[in-house]
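Each chain is listed here by its residues.
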Amino acid sequence: MAKRQRTFESDPVHEKTYFEQQREALIGDIATSFEHVLANINKLNRSLESVIEVGNEFSSVEALWSQFEHVMAKDESKQGDKAEQSGDDRHE
């Protein structure tokens, strides 16, 4: 059997081989999948931006609690110092 080589010049109607058809179908599927991935990444980005916005809304509340914590820690350390001093005075 002699093999017939296909050239675009000698064969005006180029029929696609099975490989070419499958390749085009797979490329189409990959393109569609990339579009879905891009859409989902955009959704994720919007969700993360929303989460960050909500977190930023609590920054003032966090600052207030932080100040409260520092004040309470100072009071506890002062009370601890007073207790140590009164204990030292009794031993003398």
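Heads up: the structure comes first, above all this text.
The sections below set out a description of the structure shown in this document. (Residues numbered from 1 in each chain as written. Predicted model: local features only at pLDDT ≥ 70, side-chain atom pairs only at ≥ 80, totals over all residues. Heavy atoms only, no water.)

Bringing the overall build of the protein into the picture now. For the protein, the count of helices and strands is two helices and zero strands. Counting every atom, the protein has about 9200 Å² of accessible surface; 57% of that belongs to carbon and sulfur. (Helix = DSSP H or I, 4+ residues; strand = E, 2+ residues; numbered from the N terminus. Areas by Shrake-Rupley, 256 points an atom, 1.4 Å probe, with all protein chains shown as cover.)

This part takes up a nonpolar patch on the surface. Together, V54, F58, V61, W65, F68, V71 and M72 make up a nonpolar patch on the protein surface, roughly 690 Å² of accessible area in all. It is helix 2 (residues 59-91) that contributes the most residues to the nonpolar patch, five residues altogether. Secondary-structure assignment places F68 in helix 2. (Patch = residues over 30% accessible without salt bridge, like charges linked within 9 Å, V, L, I, M, F, W, Y side chains within 5 Å. Salt bridge = Lys/Arg side-chain N within 4 Å of Asp/Glu carboxyl O.)

Right, let's get into the pattern of salt bridges. Inspection of every chain in the model, using the stated rule, returns one salt bridge. A salt bridge links K16 to E24; the shortest N-O distance between them is 2.8 Å. On the accessibility criterion, E24 (41% relative accessible area) is partly exposed. (Buried < 20%, exposed > 50% of the residue type's maximum accessible area, 1.4 Å probe, protein only.)

Moving on, we come to the packing of aromatic side chains. A full pass over the atoms with the stated rule returns one aromatic pair. Ring plane angle 90° and centroid distance 5.6 Å describe the contact between W65 and F68, whose orientation is recorded as edge-to-face. With a gap of three residues between them, W65 and F68 both fall in helix 2, about one helical turn apart. Look at W65 and you get exposed, because its relative accessible area is 57%. Owing to a relative accessible area of 46%, F68 belongs among the partly exposed residues under this scheme. (Phe/Tyr/Trp six-rings, centres within 6.5 Å; stacked < 30°, edge-to-face > 60°.)

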